[in-house]
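A structural walkthrough
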Amino acid sequence: MFQSTTTHHILTRFLISNSRSYILVTLIQIIDMAVRGSFSSRAGFILAAAGSAVGLGNIWKFPFEVGLGGGAAFVVMYLGFAFILCFPVMVTEIAIGRKTGKNPIGAFGALGYAKWSIVGKIGTFAGMLILSYYNVIAGWALGYLVEMLMGNFDIGNNFSAFTTNMVKVVFYTVTFMSITSYVVGKGVAGGIEKVAKILMPTLIIMIVSLAAYAFTLPHAMKGLEFYLIPEFDEITAATVGGALRQAFFSLSLGMGTMIAYGSYLSKKENIVTATALVTLTDVIIAFIAGLMIFPFVAFNNGGDMNNLVSGPGLLFVNLPGAFESMGPTVGVVVGSFFFLLIAFAALTSTVSLLEVPVCYVVDEMKIIRSKAVWYVSGIIYIIGIPSLLGFGVSDFFTNSIVLPASTDFLSFAASIADTLLLFGGFCIVTFAAYVWKKENLVEEIKNGYEDYEGSIAHKFLNITISYICPVLLATLFIIVVLSHFFGISLI
Ligand code: TRP
């Protein structure tokens, strides 16, 4: 596919122009494209972008945030934010990426605003920070998969013994990160896209079947009630901020992942419909994850939803017991299926997180991908040490360093990164609307969507990108910083 379009491209250009320099420029562009790589099809891009979005954020984080943040009231806010604030930010990121064909740091310079590349730098740093702790949790899922296969359901009661077992956590984290590096090393079409094409459809089948099965369990209704009936009086600054951070995180926004993925997208594709599909897939999967997890949790707790273990341990503590009650054979099958699902979801996200710094090193330092991947991974291992060992493995990282507003390094790294994403999102839309200018954004979106100008999508995106996103993101950013890091609640 790539080969034939490229050849076609060269020939047409050759025929229409005899100018030597023109041919030279075209050839350079083509070589550049071949070095950077690109998605081979529209479906490939959508699956890869949806794969980035759907991850631990949907299956592990969304349910426990719902548990902490007042159940359904949180879900309603999350949905609102996803469509009103996140969708426009995603369109903007993809458009900037496709226009420039660059990584998030180089993209701003390519548009002529090199000073703004600081936004890309902060984003790339945030992404590396996310990956450094994300890997640890993905490693837990991998470890739990092995425990389930061995029928060790007791692991749920021994969650902290598991997370403090140095050999196990180091082994699983390093294994997971190495798989990620291997995939990214294989390139955009040959690695990232290929993996997404296999894993995403599998994941959808798995999650729907698991949710359907969860409905049939005793006390399932109790779990669903908790999940779906809003208690609006539980809304506080922390829940509003939490819902927004969750939406940003879940849609992989604010750090430039979508700029990087956009840079591999063909000019023929319609960015608006692709983004709508990615957003919908992500939100639907998060929603189904809740439909699956809460009945499991209710089943395990005999219908009592009051004293849940919430926070990062929610599913690791609660679910193995539920699997055990299903009997030895069904339990092993459902339990392994479940943790395999989480590992799959995590992998399509970790590759997208690693892709951003790798793409930067390939573009700007001209180092080949297969090497760049391992250099960047090395740095991520180092940044990840406190998160890896701070969950009980090392006394120094667990107890000696007192962190503000948070108990352990992993959660602290997560809060810093999440907050940086909001800042990044604010900067990206503000940049697009007022510095790069709306007209240029519209021109880019029109590639692949000729009737965009004047359409409803255009009107909606115009208002959101120019006014609603910058104002709300700036306000919510301030609310989040005050409530999360200083304990000051404005609502
Ligand atoms: N969205 C992913 C999840 O829900 C995580 C992720 C991948 C991410 N790439 C990102 C989060 C970029 C923020 C920014 O698990």
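Structure's up top.
Let me begin by describing the structure that accompanies this report. This is a predicted model, so every value here is computed, not measured.

By nearness alone, 18 residues border the ligand, and Ala53, Gly57, Tyr134, Phe249 and Ser252 come closest of all. Separating a nitrogen atom of the ligand from a side-chain N or O atom of Ser252 is a distance of 3.0 Å. Within the side chain of Ser352, one N or O atom sits 3.2 Å away from a nitrogen atom of the ligand. Of the residues assigned to the shell around the ligand, the class counts are 9 nonpolar, 9 polar and no charged.

The biggest cluster of nonpolar side chains holds 166 residues, and the ones touching the most others in it are Trp140, Met292, Phe296, Phe323, Phe338 and Phe339. Leave out the neighbours within four places in its chain, and Trp140 touches Phe159, Phe162, Thr163, Val169, Phe316, Phe391 and Leu410.

Another aspect to go through is the packing of helix 7 (residues 117-149) against helix 15 (residues 314-325). Direction vectors running N to C along helix 7 and helix 15 enclose 20°, while the axes themselves pass 12 Å from each other. Judged by the angle between their axes, helix 7 and helix 15 are roughly parallel. For the element pair helix 7 and helix 15, the recorded crossing hand is right-handed. Between helix 7 and helix 15, the contacting residues are Ile137, Trp140, Ala141, Tyr144 and Met148 on the first element and Phe316, Pro320 and Phe323 on the second.

Another aspect to go through is unusual backbone geometry. Residue Lys366 is not a glycine yet carries a positive backbone phi of 55°. Mapped onto the elements, Lys366 comes out in the loop between helix 16 (328-365) and helix 17 (369-389). Judged by relative accessible area, Lys366 falls into the exposed class, the value being 64%. Unlike most non-glycine residues, Lys437 shows phi in positive territory, near 90°. Looking at where Lys437 falls in the secondary structure, it is placed in helix 19 (residues 409-446). Residue class for Lys437 comes out partly exposed when judged on its relative accessible area of 39%.

Cut-offs used in this document
Residues numbered from 1 in each chain as written. Predicted model: local features only at pLDDT ≥ 70, side-chain atom pairs only at ≥ 80, totals over all residues. Heavy atoms only, no water. Near = heavy atom within 4 Å. Polar contact = N/O pair within 3.5 Å; in protein donor to acceptor, adjacent residues only side chain to side chain. Nonpolar A, V, L, I, M, F, W, Y, C, P; charged D, E, K, R; others polar. Core = buried A, V, L, I, M, F, W, Y, C linked by side-chain atoms within 4.5 Å. Buried < 20%, exposed > 50% of the residue type's maximum accessible area, 1.4 Å probe, protein only. Contact = heavy atoms within 4.5 Å. Axes fitted to C-alpha atoms, helices over the stretch in contact; angles between N-to-C directions. Helix = DSSP H or I, 4+ residues; strand = E, 2+ residues; numbered from the N terminus. Parallel < 35°, antiparallel > 145°, perpendicular 65-115°, else oblique. Left-handed = near helix turned anticlockwise from the far one by under 90°.

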